[in-house]
Amino acid sequence: MQTSFSQQESAFGDGEWFKFRMSYSNWLKAGNATLQVKNAKLGDKDVYHVVGKGWTTGMIKWFFKVKDRYESYFDKDLVVPYKFVRNIDEGGHTKDLVINFDQKNNKAKINNIKHNTVKTIDTKPNIQDMVSTFYYLRNNLDTRNLKTGDEVRIDMFFDEENYGFKLKYLGEETIKTDFGKVESLKFRPYVMAGRVFKEEESLTLWVSKDKNKVPLRIKADLAVGSLRADLEAFKGLKHPFQIVVEN
């Protein structure tokens, strides 16, 4: 069953910051990642500017070095992106893209800095990018009426193509975190199988059941081994963070 969206109280705001600990095959420290939200201006528009960074640390860096940076500038109310930046180096596989979205005319202008090319592609209405999708879902997914097995579909733009992003709700689960036990909602984002992921169902995501919808844990089955990201620090949450208190 396809589930519905409804505008709800905003789950995030200016100053929100997350830090994640990455581990490879459940034991090897692999790296860190951060996500930060800031108020910004893009031309005459008031937007949120989200910057996501990921980098390898320790031993794993010697045989597979990663340094990724993602940026999204999106409308504060509608949470639709106007600009997206993807600058990655994953073991020598590099991309350097700046995409400007014309949401009114449903166009994406892709500036491929690495190859020095510019092209314009038609997009679906209200298209999302890789980063804004997460924030759009936090604000608009009606989690109160979710049933196990429900599916969410969003039009997302990935590199140079329109991509039908799908998310499946797997139910509730109370998980142990660095902060204590937290009630969570468990999802399966469907990904493109191939170079990185083993298959479409390789990813599992846990977010807090409270109003923040904090990303607590992500697990990924890769073509070789598995990767896990656990939230290890946060600040600037808009709502109280709820921990299960046991008697």
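Here the residue numbers are simple positions, counted from 1 along each chain's written sequence. Given that this is a predicted model, residues contribute local features only at a pLDDT of at least 70 and side-chain atom pairs are listed and counted only at 80 or more, while totals for whole chains, interfaces and linings are drawn from all residues. Excluding hydrogens and water, the side-chain values take into account all heavy atoms of the structure.

Draft legend 1. Molecular detail of a positive patch on the surface. A cluster of basic residues, Lys38, Lys53, Lys61, Lys65 and Lys67, forms a positive patch on the protein surface. Helix and strand assignments follow DSSP, with helices taken as H or I runs no shorter than four residues and strands as E runs no shorter than two, numbered in order from the N terminus. Checked against the element boundaries, lysine 61 lands in helix H1 (residues 60-63). To sort residues, take the accessible area from a 1.4 Å probe on protein chains only and compare it with the maximum for the residue type: under 20% means buried, over 50% means exposed, and anything in between is partly exposed. With relative accessibility at 35%, the residue lysine 61 sits in the partly exposed group. Only residues above 30% relative accessible area that lack a salt bridge enter a patch, with like-charged residues linked at up to 9 Å and the nonpolar side chains Val, Leu, Ile, Met, Phe, Trp and Tyr linked at up to 5 Å. All accessibility values rest on the Shrake-Rupley procedure with a 1.4 Å probe; residue burial counts only the protein chains present in the view. A side-chain nitrogen of Lys or Arg and a carboxyl oxygen of Asp or Glu constitute a salt bridge if their distance falls within 4 Å. The charge count treats Lys and Arg as positive and Asp and Glu as negative. His and the chain ends do not count. Working definition for charges: the position is that of NZ of Lys, CZ of Arg, CG of Asp or CD of Glu.

Draft legend 2. Structural context of the side chain of arginine 188. The topology assignment puts arginine 188 in strand E11 (residues 180-189). Between N or O atoms, a polar contact is any pair within 3.5 Å; within protein, one atom must be a potential hydrogen donor and the other a potential acceptor, and residues adjacent in sequence are included only when both atoms are from side chains. A polar atom in the side chain of arginine 188 sits 2.8 Å from the backbone oxygen of leucine 203.

Draft legend 3. Up close: the nonpolar core. Side-chain atoms within 4.5 Å are what join buried Ala, Val, Leu, Ile, Met, Phe, Trp, Tyr and Cys residues into a set we call a nonpolar core. Within the largest apolar cluster, 53 residues are counted, with the highest numbers of intra-cluster contacts made by Tyr135, Phe157 and Phe187. A contact between two residues is defined here by any heavy atoms of the two lying within 4.5 Å. Every residue in contact with tyrosine 135, bar those within four places of it in the chain, is listed here: Phe12, Glu16, Leu35, Val37, Val50, Phe74 and Val79.

Draft legend 4. Focus on the packing of aromatic side chains. Any two rings among Phe, Tyr and Trp, with Trp reduced to its six-membered ring, count as a pair given centres within 6.5 Å; such a pair is stacked if its planes are under 30 degrees apart, edge-to-face if over 60, and tilted if neither. Tallied over the entire structure, the rule returns 14 aromatic pairs. Ring geometry for tyrosine 70 against phenylalanine 84: centres 6.3 Å apart, planes inclined by 35°, an arrangement best described as tilted. Of this pair, tyrosine 70 sits in strand E4 (residues 66-75) while phenylalanine 84 sits in strand E5 (residues 81-90); the two residues are 14 residues apart in sequence, bridging distant segments of the chain. In terms of burial, tyrosine 70 and phenylalanine 84 fall into one category: buried. A ring pair is formed by phenylalanine 179 and phenylalanine 241, whose centres lie 5.8 Å apart and whose planes are at 85°; its orientation type is edge-to-face. Linking phenylalanine 179 in the loop between strand E10 (161-177) and E11 with phenylalanine 241 in the segment after strand E14 (226-235), this pair joins segments that are 62 residues apart in sequence. For phenylalanine 179, a relative accessible area of 24% puts it in the partly exposed group.

Draft legend 5. Up close: the pairing of strand E8 (residues 117-122). At least two bridges found by DSSP between two strands are what make those strands a pair. Two strands pair when backbone bridges link them, and strand E7 (residues 107-112) and E8 are joined in this way by six bridges, in the antiparallel orientation. For lysine 107, the partnering residue across the bridge sits in E8 and is aspartate 122. With antiparallel pairing between neighbouring strands as the criterion, E7 and E8 make up a hairpin whose turn holds four residues, including asparagine 116 at a positive phi of roughly 55°.

Draft legend 6. Fine view of the pairing of strand E12 (residues 203-208). Among the six residues of E12, six are classified as buried, and the element is accordingly described as predominantly covered. Here E12 shows no split at all, with Leu203, Leu205 and Val207 on one side and Thr204, Trp206 and Ser208 on the other all buried. When E11 meets E12, the two strands line up antiparallel, connected through four bridges. Across the sheet, serine 184 pairs through a bridge with serine 208, a residue of E12. In terms of strand pairing, E12 meets strand E13 (residues 215-221) through five bridges, oriented antiparallel. Counted as the bridge partner of threonine 204 is lysine 219 from E13. In this antiparallel pair of consecutive strands, E12 and E13, the connection spans six residues, and lysine 213 shows a positive phi of 55°.

Draft legend 7. Structural detail: unusual backbone geometry. At valine 79, a residue that is not glycine, the phi angle is positive and equals roughly 50°. Its place among the elements puts valine 79 in the loop between E4 and E5. With relative accessibility at 0%, the residue valine 79 sits in the buried group. For aspartate 159, which is not glycine, the phi torsion reads 60° and is therefore positive. For aspartate 159, the position within the fold is in the loop between strand E9 (151-158) and E10. For aspartate 159, a relative accessible area of 12% translates into the label buried.

All we've got here are geometric facts, nothing functional implied.
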